[in-house]
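Single-letter residue listing:
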Amino acid sequence: MEFRLKNQLEEIQLLAEAVELYGEENGIPAKTLFQVNLALDELLTNTISYGYPEGGEHEILVSNILTGERELRIEIHDDGKVFNPLEAEEPDTSQGIDERPVGGLGIHLVRQMMDEIEYRREGKQNILVMKKKF
């Protein structure tokens, strides 16, 4: 599955629906689809909200590949500013939710839900690869 979306937050829901349909057609468990969509929502919201400070219309490519090892491989390509989510600091979860500063939990959740995450920059493209076994 390959999905191209504009750098607009409302496009994320269209992607989520496409991922759900892809999952149903390929027998991917609902829990796995929920986790993948949550990770995509978090990452794409960050990319769209912070990756294009100059504005303008941009395209983000998301592809899902089902491997023979009961694993979903998700790739995100964007031309936003350089950002490696793997270098983001882990949030301090020792405090209660009301005492914590806002932000930082989304990337933490992505790290917890996915089995593998890789980042690289090729030319002007951020490329994030996530793997989720089911």
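Here goes a summary of the coordinates provided. Bear in mind the structure is a predicted one, so any value in this text is a computation, not a measurement.

Thresholds, definitions, all that
Residues numbered from 1 in each chain as written. Predicted model: local features only at pLDDT ≥ 70, side-chain atom pairs only at ≥ 80, totals over all residues. Heavy atoms only, no water. Helix = DSSP H or I, 4+ residues; strand = E, 2+ residues; numbered from the N terminus. Buried < 20%, exposed > 50% of the residue type's maximum accessible area, 1.4 Å probe, protein only. Contact = heavy atoms within 4.5 Å. Areas by Shrake-Rupley, 256 points an atom, 1.4 Å probe, with all protein chains shown as cover. Axes fitted to C-alpha atoms, helices over the stretch in contact; angles between N-to-C directions. Left-handed = near helix turned anticlockwise from the far one by under 90°. Nonpolar A, V, L, I, M, F, W, Y, C, P; charged D, E, K, R; others polar. Parallel < 35°, antiparallel > 145°, perpendicular 65-115°, else oblique.

Topic: the overall build of the protein chain
Each helix and strand counted, the protein chain has three helices and five strands in total. Start at the N end of the protein chain and walk to the C end: the helices and strands fall as β-α-α-β-β-α-β-β. Here the protein chain, with 134 residues, has 43% of them falling under the buried criterion. For the protein chain, long-range pairs separated by at least 24 residues make up 60% of all intrachain contacts whose partners lie at least 6 apart in sequence. Looking at the protein chain as shown, the accessible area adds up to about 7800 Å², and 50% of this sits on carbon and sulfur atoms.

A word on the environment of glutamate 69
Structurally, the position occupied by glutamate 69 is in the loop between strand S2 (59–67) and strand S3 (71–78). Relative accessible area serves as the criterion here: at 61%, glutamate 69 is assigned to the exposed category. The sequence separation of glutamate 69 and phenylalanine 134 amounts to 65 residues, and the corresponding C-alpha distance is 8.9 Å.

Considerations on the side chain of threonine 32
Summarising the element assignment, threonine 32 is placed in helix H2 (residues 30–50). For threonine 32, a relative accessible area of 6% corresponds to the buried category. Beyond its immediate sequence surroundings of up to four residues, threonine 32 is in contact with Lys132, Lys133 and Phe134.

Focus: the packing of H2 against helix H3 (residues 105–113)
For the pair H2 and H3, interaxial distance at closest approach is 9 Å and the crossing angle is 145 degrees. In this structure, H2 crosses over H3, and the sense of that crossing is left-handed. For the pair formed by H2 and H3, the contact residues are Gln35, Leu38, Ala39, Glu42, Leu43 and Asn46 on the first element and Gly106, Ile107, Val110 and Met113 on the second. Per-class residue counts for the contact of H2 with H3 are six nonpolar, three polar and one charged.

Points about the packing of helix H1 (residues 11–25) against H2
Closest axis-to-axis distance for the H1/H2 pair is 10 Å, and the angle between their directions is 155 degrees. Classified by the interaxial angle, the pair formed by H1 and H2 is roughly antiparallel. Every pair of crossing elements has a handedness; the one defined by H1 and H2 is right-handed. Contacts from Ile12, Leu15, Ala16, Val19, Glu20, Gly23 and Glu24 of H1 reach H2 at Leu33, Val36, Asn37, Leu40, Asp41, Leu44, Thr45 and Ile48. Class assignment for the residues of the contact of H1 with H2 results in nine nonpolar, three polar and three charged.

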